[in-house]
Amino acid sequence: MDNNYNPSSSYPYNTAYGYPYVPRPYPNPNSGILHRHILAIFPIHQNPSFSPPPAAIPSPQASFQHQGSFQYSSSHHHHHQPSMSLPFSTPESYSDVPSRVNSFSGYHRQDSTSSVGTGSTTNHDNASDSTPSYPSVYPLIDDLLANVHISSDATSVPASPQAISMTSSPTWYSQSEKYDTQGSIHGYYNASHSGPIDSSAHPALSHSTSFADSPHSQNLQIVPVSNSKGSLKVLLLHGNLDIWVYEAKNLPNMDMFHKTLGDVFGKLPGNMSSKIEGTMNHKITSDPYVSISVSSAVIGRTYVINNNENPVWMQRFYIPVAHYAAEVKFFVKDSDVVGSQLMGVVAIPVEQIYSGVKVQGLYPILNNNGKPCKPGAVLSISIQYTPIERLSIYHHGVGAGPDYVGVPGTYFPLRRGGKVTLYQDAHVPDDFFPNLKLDRGLQYVQGKCWHDIFNAISRARRLIYITGWSVWHKVRLVRDADYTSNCTLGDLLKSKSQEGVRVLLLVWDDPTSRSILGYKTDGIMQTHDEETRRFFKHSSVQVLLCPRVAGKKHSWIKQRVFWWFGVCVEAYVLASIRLRKVETIYTHHQKTVIVDADAGDNRRRIIAFLGGLDLCDGRYDTQQHPIFRTLETVHKDDYHNPTYTGNTAGCPREPWHDLHCKIDGPAAYDVLTNFEERWLKASKPHVRMILRGWHVQIFRSIDSNSVRKFPNDPKEAISKNLMCGKNVLIDMSIHTAYVKAIRAAQHFIYIENQYFIGSSYNWSSYKDVGANNLIPMEIALKIAEKIKAHERFAVYIVVPMWPEGNPTGAATQRILFWQHKTMQMMYETIYKALVEVGLEGTFTPQDYLNFFCLGNREDMGSDSSSTESSTTNTPQALSRKNRRFMIYVHSKGMIVDDEYVILGSANINQRSMEGTRDTEIAMGAYQPHHTWARKLSNPRGQIYGYRMSLWAEHLGIIEECFAVPESIDCVRTVRSMGEANWKQFAAEKVTEMRAHLLKYPVEVDQKGKVKPLPGCECFPDVGGQIVGSFLAIQENLTI
């Protein structure tokens, strides 16, 4: 890859872009390197033109375990890492390519695809399954396999960039001419801005034994500060914060246990004392890190530096914010055996940064009494706020021209060229009615997801790699009446492995399912993991059941080592409890299928499927979403409905609506890289692996406990746009992608998701619950922005009627409660915007934002599975009598302006977005010839066809207004149709439903207050309050 990057030649916006530019080290599959090395993680290429501030600092003592690596026959791509610099300039004058929206660094990846064409227009739009020709778009497998082998020895890591030293003067870094054009504040912070902290009211101010600051609750922390400064203004921060945490000086030693132990040794006889002191060859002191908080939400965290009272981080955070806040707070903490201890706080009033001025200096670290935690204890930081109005990256839509660089600052860059097929549900029958015309006379063709997966696996010659939350060997992928094969997935994979194809399955290990000495349990989630493992046990199919643990060797715990009469002791209090908690609550949630395919001329290429569909029972469905009629046909032996307990004879199945996609092009190799990194982490070191029209980017929620090849040194992780937690590196680029797409939306947003919970920091109550993802707040603020600009904008959100399971259960009710709080916050924000511009009498909040769910009802017919009536009032009996049930929305997707689509496995909640909980994967894609910026009118490409096809499925009709979703006519039409469908669903009389989109059963009044629907406070037949209830249950599970 060429190390000389000229961003001006590849992107049209070189000013006012809003992101600091840094070179992107990650290679593009089109480069010559990847033509030889399919699975390589390449060293970082820094821009040699950077010039650092004076002097150097030693590297912090922070590292991560590395247990092996790939080695390749060619080594021309290994370079020494040159020194880097940290340029200072105003956000609005940053030139070139933007860096990560949610980044803890200022680095960005280089996408070296300018020499590769995007293919013909026909290929852009063609939705057929014909084999395309790829002369140089991505590497061919035959060129790669011979060069790949596994080594159990760790390869050498490229040298860290030369670190930068800080003097005690707060002004050495104030030479930023560009910053000073706006004005800067330098020097020591006035301690009067930090109010006293009542430690009795906030026990976390003393030594904490909670996991509030562990990497598996990155945003769950309740900030232990009481605000006694009533005069501080609460202002809306909506934009980006550019923060540097440089260093701290004179921190207190919080490890008093070791000091006490030393005092004990000092009182021992001289020869014994000297013998013990000889084993303690270095001082045991604090292991500091800094946590950054806005409005009780943790938005950033430095890495931990061990045994250092004068730590130097030199760590940059470029963070999107959408928070009402009075202060930005920096908590200086000591990482402890379990949890942490708070040393003190630095608080910067939002008023000081609101104008865009850069605030920087050395600030005293105040304790709970408002005094310095130790004489001379200071934190060196800088902070600058850029409002969204001055961030032009969000002003041109999602796909701003053919040279659009994608979502900045992610682990994987945008890949140009290739093809994407979008799927709705597991199967689309031939008679599905929409006749959708696209631009240039093309017609939208619906893909058949499980058909295509079956065919792709059948045609594989080299590799079949599958990840899943659940993979069931008994599932039948193809069930058409014209297709007589009864081949199961397990039989197909065994057959392919006998042909010599490498078949690897990476499946989440449900800790509640076990097979020990003949004793078997199915597990609470019934994922069939043990059953599938047993089926493939004596075959050449390799199955790894992978638990979602907090890392090998308890890497999230600081392992204290001390000597007591010559014996080494390690403190690992609560380690096993923490391990079991993470393993039980969180999951591996990615769903991918990766295979090789024909590339012409006896060569092979990689294609990848990803989205929300697991290859297991209960997932096969069509756009009709039958509930009774197929119980004895296509769904025989595939009944799934966890709503009921006990006898389910004659009960409706749970219909399943989902979104999925196929990637054929360079981005498929990023999906392959994700599999490789996870497999290497989960497997033993000696296990051997073999290895036009769309622009696609891969995103993840994952951390270093679940993948290999993340850097050992957290300072190197910055260059890969990974975030730092406590002893863990985090990729949360899915959240970054959603925020970027929402902020750039110009006309409408359409979301289908299994959950919709977030932005709890702005709820009217329960602000500290920890559901701190920005997505709901960003949507609400986008609508408010458009209202104030007197522009139309609409958001349609489709969620399940209730979360899967018993709707009266405690966990389900709590999730519904959080969903209600999220809805309420969004509608209140919209109403305030209407009042601000005097439109509250003209429009209502629902003229901009609407929530829907899906349901079905089948009239009695001769082919009905049950004609019995019942006088009992159990959920089973009522469902049989009223012949209705919800269609479960398991989708995880978003369409913006008919030009950009995000699909994957990630839900809109904290579990999926945080990166340290459930592991997730997603893709964002667009067609460069079908964007608003390119056409200056409504795009009519594949994404438009996909949305219209989904609406046809849900509404049973296509109206002309559907083509302009942001119009008030469309919003009111769709809402009225949803309201009519709900009345039909909830009515006492049973009638056949032709449409499935239901207005979510809550009432939203003129002022945006969300209340239960009069006369329908609970779900029909099955019960459970629609707006949820507050019942005590573990928060991590429900947010």
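Residues numbered from 1 in each chain as written. Predicted model: local features only at pLDDT ≥ 70, side-chain atom pairs only at ≥ 80, totals over all residues. Heavy atoms only, no water.

Undergrad: Looking at this structure, how should I read the overall build of the protein?
TA: Helix and strand counts for the protein come out as 21 helices and 38 strands. Within the span of the protein, comprising 1039 residues, buried residues form 65% of the whole. (Helix = DSSP H or I, 4+ residues; strand = E, 2+ residues; numbered from the N terminus. Buried < 20%, exposed > 50% of the residue type's maximum accessible area, 1.4 Å probe, protein only.)

Undergrad: Can you help me understand the sheet that holds strand S8 (residues 327-335) in this one?
TA: Sheets are built from strands that pair by backbone hydrogen bonding, the pairs being arranged parallel or antiparallel. Strand order in the open sheet made by the four strands is S6-S5-S8-S9, with antiparallel pairing throughout. Edge positions in the open sheet fall to strand S6 (297-301) and strand S9 (340-349), since each of these has one partner strand only. Each adjacent strand pair in this sheet contributes to an overall mean axis angle of 30°, direction not counted. In this sheet, S6 lies alongside strand S5 (residues 288-294) in antiparallel orientation, the contact comprising four bridges. Residue pairing across strands places Ser-291 opposite Arg-301, the latter belonging to S6. (Pairing = 2+ DSSP bridges. Axes fitted to C-alpha atoms, helices over the stretch in contact; angles between N-to-C directions.)

Undergrad: Where do I start with the pattern of salt bridges in this structure?
TA: Should their charged atoms come close, side chains of opposite charge can pair. In this structure the tally under the stated criterion is 33 salt bridges. We note a salt bridge from Lys-374 to Glu-309, for which the minimum N-O separation is 3.6 Å. Highlighted residues: Lys-374 in the loop between strand S10 (358-364) and strand S11 (378-387) and Glu-309 in the loop between S6 and strand S7 (312-325), separated in sequence by 65 residues. Its relative accessible area of 14% is what places Glu-309 among the buried residues. Where Arg-604 meets Asp-596, a salt bridge forms, and the shortest distance between an N and an O atom there is 2.7 Å. (Salt bridge = Lys/Arg side-chain N within 4 Å of Asp/Glu carboxyl O.)

Undergrad: Could you clarify how one ought to interpret the side chain of Ser-701 in this entry?
TA: Position of Ser-701 relative to the elements: it lies in strand S25 (residues 695-703). Assessed through its relative accessible area of 0%, Ser-701 is described here as buried. A distance of 2.7 Å separates the side chain of Ser-701 from the backbone oxygen of Ser-912, its partner in a polar contact. Excluding residues that lie within four positions of it along the chain, Ser-701 makes contacts with Asp-731, Ile-734, Ser-912, Met-913, Gly-915, Asp-918, Thr-919 and Glu-920. (Polar contact = N/O pair within 3.5 Å; in protein donor to acceptor, adjacent residues only side chain to side chain. Contact = heavy atoms within 4.5 Å.)

Undergrad: Mind showing me how you'd approach the packing of helix H13 (residues 733-744) against helix H14 (residues 775-788) here?
TA: Between two packed helices, the angle of one axis relative to the other and the distance separating the axes together describe the packing. With their axes 9 Å apart at the nearest point, H13 and H14 run at an angle of 5° to one another. When the axis of H13 is compared with that of H14, the two are roughly parallel. Across the interface between the two elements, His-735, Tyr-738, Val-739, Ile-742, Arg-743 and Ala-744 from H13 touch Ile-775, Glu-778, Ile-779 and Lys-782 from H14. Partitioned by chemical class, the residues of the contact of H13 with H14 number six nonpolar, one polar and three charged. (Parallel < 35°, antiparallel > 145°, perpendicular 65-115°, else oblique. Nonpolar A, V, L, I, M, F, W, Y, C, P; charged D, E, K, R; others polar.)

Undergrad: Would you take a moment to explain the UniProt feature "domain: PLD phosphodiesterase" (unreviewed entry) in the protein for this structure?
TA: Within the UniProt annotation, "domain: PLD phosphodiesterase" (unreviewed entry) is assigned to residues 584-619 and 885-912. In residues 885-912, helix accounts for 11% and strand for 50%; the two terminal C-alpha atoms are 27 Å from one another. (UniProt positions renumbered as here; feature names shortened; annotations may be inferred.)

Undergrad: Explain the packing of aromatic side chains here, please?
TA: Any two aromatic rings considered together are summarised by their centre-to-centre distance and by the angle between their planes. As enumerated under the stated definition, the model contains 28 aromatic pairs in all. With a centroid separation of 5.4 Å and an interplanar angle of 80°, the aromatic rings of Tyr-766 and Phe-817 are classed as edge-to-face. Taken together, the residues span a long stretch of sequence, with Tyr-766 in the loop between strand S28 (748-753) and H14 and Phe-817 in helix H15 (residues 810-836) at a distance of 51 residues. Given the relative accessible area of 35%, Tyr-766 is considered partly exposed. (Phe/Tyr/Trp six-rings, centres within 6.5 Å; stacked < 30°, edge-to-face > 60°.)

Undergrad: Honestly, the packing of helix H7 (residues 449-459) against helix H8 (residues 489-498) in this entry has me stumped. Any pointers?
TA: Across the interface, H7 lies against H8 with an axial gap of 9 Å and an inter-helix angle of 20°. Put simply, H7 runs roughly parallel to H8. Classified by chirality, the crossing of H8 by H7 is left-handed. For the pair H7 and H8, the contacting residues are Phe-454, Ile-457, Ser-458 and Arg-459 in the first and Leu-489, Leu-492, Leu-493 and Lys-496 in the second. (Left-handed = near helix turned anticlockwise from the far one by under 90°.)

Undergrad: Could you clarify how one ought to interpret the confidence of the model for the protein in this entry?
TA: In regions of low pLDDT, the predicted coordinates are not meant to be interpreted in detail. Averaged over every residue, the pLDDT of the protein is 76; the share at 70 or more is 68%. Considering only residues more than four positions removed or in separate chains, one finds that residues 1-138, a stretch of pLDDT under 50, has 459 contacts. Taken as a whole, residues 144-228 scores under 50 in pLDDT and shows 280 contacts with residues more than four places along the chain or in a different chain. (pLDDT = per-residue confidence, 0-100.)

Undergrad: Is there a simple way to explain the sheet that holds strand S22 (residues 603-611) in this structure?
TA: The strand order across the open sheet built from seven strands is S13-S24-S22-S21-S14-S15-S18, with neighbouring strands paired in mixed fashion. The open sheet has two free edges, formed respectively by strand S13 (419-424) and strand S18 (542-546), since each of these has just one partner strand. Ignoring which end each strand starts from, the neighbouring axes of this sheet average 20° apart. Of the pairings in the sheet, the one linking strand S14 (residues 463-468) to strand S21 (residues 592-600) comprises four bridges and is antiparallel in character. Looking across to S21, one finds that Ile-464 is bridged to Val-595. Of the strands in this sheet, S14, strand S15 (502-508), S18, S21, S22 and strand S24 (659-664) are in contact with helix H11 (residues 667-682), which crosses S22 at around 75°.

Undergrad: How should the pairing of strand S29 (residues 794-798) be read in this particular structure?
TA: Consecutive residues of a regular strand have side chains that alternate between opposite faces of the sheet. Most of S29 sits out of view: five of its five residues are buried. Relative to S29, S28 is paired through five bridges, and the arrangement is parallel. Bridge assignment links Ile-751 to a residue of S29, and that residue is Ile-797. For the segment spanning S28, H14 and S29, crossover handedness is right-handed. Where S29 meets strand S30 (residues 849-857), four bridges bridge the pair, whose relative direction is parallel. Following the sheet pairing, Val-798 is matched in S30 by Phe-852. For the handedness criterion, the β-α-β arrangement of S29, H15 and S30 is classed as right-handed. (Right-handed = clockwise from strand over helix to strand, strands pointing away.)

Undergrad: How do you make sense of the nonpolar core when you look at a structure like this?
TA: In globular proteins that are soluble, nonpolar side chains generally tend to be buried together. Counting residues in each nonpolar core, the largest one holds 124 residues, and the members touching the most others are Trp-450, Leu-493, Leu-505 and Tyr-1000. Broken down by element, this core gets its largest block of residues, eleven residues, from H15. The residues touching Leu-493, leaving out its near neighbours within four places in the chain, are Ile-457, Ile-464, Ile-466, Val-503, Leu-505, Phe-536 and Val-541. Of all hydrophobic cores here, the second largest spans 103 residues; its members include Leu-241, Val-350, Leu-672 and Met-923. (Core = buried A, V, L, I, M, F, W, Y, C linked by side-chain atoms within 4.5 Å.)

Undergrad: What is the right way to read H14 from this model?
TA: Because the α-helix completes a turn every 3.6 residues, residues three or four places apart line up on one side. Along its 14 residues, H14 runs 20 Å from first to last C-alpha, staying within 8% of the 20 Å computed at 1.5 Å per residue. Inspection of H14 places Ile-775, Pro-776, Met-777, Glu-778, Ile-779, Ala-780, Leu-781, Lys-782, Ile-783, Ala-784, Lys-786 and Ile-787 among the buried residues, and these make up the whole buried set. A positive phi of about 55° marks His-790, the residue just after H14. (Expected span 1.5 Å × (residues − 1).)

Undergrad: I tried to follow the state of the cysteines on my own but got confused; where do I start?
TA: Here, the word disulfide means a covalent bond between the sulfur atoms of two cysteines. Under the definition given, this model contains zero disulfides. Cysteine Cys-661 remains unbridged, with the sulfur of Cys-449 as its closest cysteine sulfur at 8.7 Å. A relative accessible area of 0% places Cys-661 in the buried class. (Disulfide = S-S within 2.5 Å.)

Undergrad: Is there a simple way to explain H13 in this structure?
TA: Given a rise of 1.5 Å per residue, twelve residues ought to cover 16 Å, and the 16 Å separating the end C-alpha atoms of H13 matches this to within 8%. Burial of H13 is extensive: twelve of the twelve residues sit out of reach of the surface. Where H13 is concerned, the buried positions are Ser-733, Ile-734, His-735, Thr-736, Ala-737, Tyr-738, Val-739, Lys-740, Ala-741, Ile-742, Arg-743 and Ala-744.

Undergrad: What am I meant to see in the side chain of Arg-884 here?
TA: By the element assignment, Arg-884 lies in strand S31 (residues 884-886). Classification of Arg-884 as buried rests on a relative accessible area of 7%. There is a polar contact of 2.9 Å between the side chain of Arg-884 and the backbone oxygen of Phe-985. Here Ala-987 takes part through its backbone oxygen, which lies 3.2 Å from a polar atom of the side chain of Arg-884. Every residue in contact with Arg-884, bar those within four places of it in the chain, is listed here: Ile-627, Phe-628, Pro-652, Asn-856, Arg-857, Ser-879, Phe-985, Ala-986, Ala-987, Pro-1020 and Asp-1021.

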